[in-house]
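For reference, the chains in residue letters:
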Amino acid sequence: MSMNFGQSSEYTRAMANLLNEYFSYRGWVITPANHNRIFVYLSSPEPFNFTNEETECILAEASRQVPATGLQTSSVTYMFFQRGELVQQIFVPPGSEFDV
């Protein structure tokens with residue numbers, strides 16, 4: 001896999017696009033960022049009150065619901081922002097070598 005320094009993996013970029021569609025019903029906007037990070041922008045005026053464990057469960061359920069990418073996986077850091085402030089950060093190591 002060839003990547004420039006700081007660039008996210010193909011897997012991270014693909015997952016961000018899939019999750020953006022999946023979470024649109026919540027009003028979340030999801031974009032890929034550098035260094036295998038995915039930014040999650042929360043538009044709700046309600047405070048983001050999920051615990052890390054609850055957020056991990058939401059992300060795990062979402063990853064089961066979106067189509068597999070078929071790509072080699074990588075670790076991903078999800079960064080949740082609300083009103084321009086970082087409200088939570090979750091690191092997810094790869095669960096397998098390929099997303100199938």
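Residues numbered from 1 in each chain as written. Predicted model: local features only at pLDDT ≥ 70, side-chain atom pairs only at ≥ 80, totals over all residues. Heavy atoms only, no water.

**Thoughts on the side chain of aspartate 99**
Thought 1: Here aspartate 99 is to be found in the segment after strand S4 (85-92).
Thought 2: Polar contacts involving the side chain of aspartate 99 include one to the main-chain amide nitrogen of threonine 69, which spans 2.8 Å.
Thought 3: Not counting residues within four places of it along the chain, the set of residues in contact with aspartate 99 comprises Tyr11, Met15, Ala68, Thr69, Gly70, Leu71 and Thr73. (Helix = DSSP H or I, 4+ residues; strand = E, 2+ residues; numbered from the N terminus. Polar contact = N/O pair within 3.5 Å; in protein donor to acceptor, adjacent residues only side chain to side chain. Contact = heavy atoms within 4.5 Å.)

**A short note on the packing of helix H1 (residues 10-22) against helix H2 (residues 52-65)**
Thought 1: Contact geometry of H1 with H2 gives a least axis separation of 10 Å together with a crossing angle of 100 degrees. What the angle tells us is that H1 and H2 run roughly perpendicular. Taken together, the residues of H2 that come into contact with H1 (itself represented by Met15, Leu19 and Tyr22) are Glu61, Ala62, Ser63 and Gln65.
Thought 2: Its residues placed into classes, the contact of H1 with H2 shows 4 nonpolar, 2 polar and 1 charged. (Axes fitted to C-alpha atoms, helices over the stretch in contact; angles between N-to-C directions. Parallel < 35°, antiparallel > 145°, perpendicular 65-115°, else oblique. Nonpolar A, V, L, I, M, F, W, Y, C, P; charged D, E, K, R; others polar.)

**Quick word on the layout of surface pockets**
Thought 1: As a volume, the largest pocket reaches approximately 320 Å³.
Thought 2: Tyr11, Ser63, Tyr78, Val92 and Pro93 are the residues nearest the centre of the largest pocket, which is lined by 22 residues in total.
Thought 3: Counting only elements with at least two residues in the lining of the largest pocket, the list comes to H1, H2 and strand S3 (76-82).
Thought 4: For the lining of the largest pocket, the leading source of residues is H2, giving 5 residues.
Thought 5: Residue composition of the lining of the largest pocket, by class: 15 nonpolar, 5 polar and 2 charged. (1 Å grid on protein atoms, 1.4 Å probe; cavity = no way out; pocket = protein on both sides within 12 Å on 5 of 7 lines; lining within 4 Å. Points joined across faces, edges and corners; volume = space filled by probe spheres on them.)

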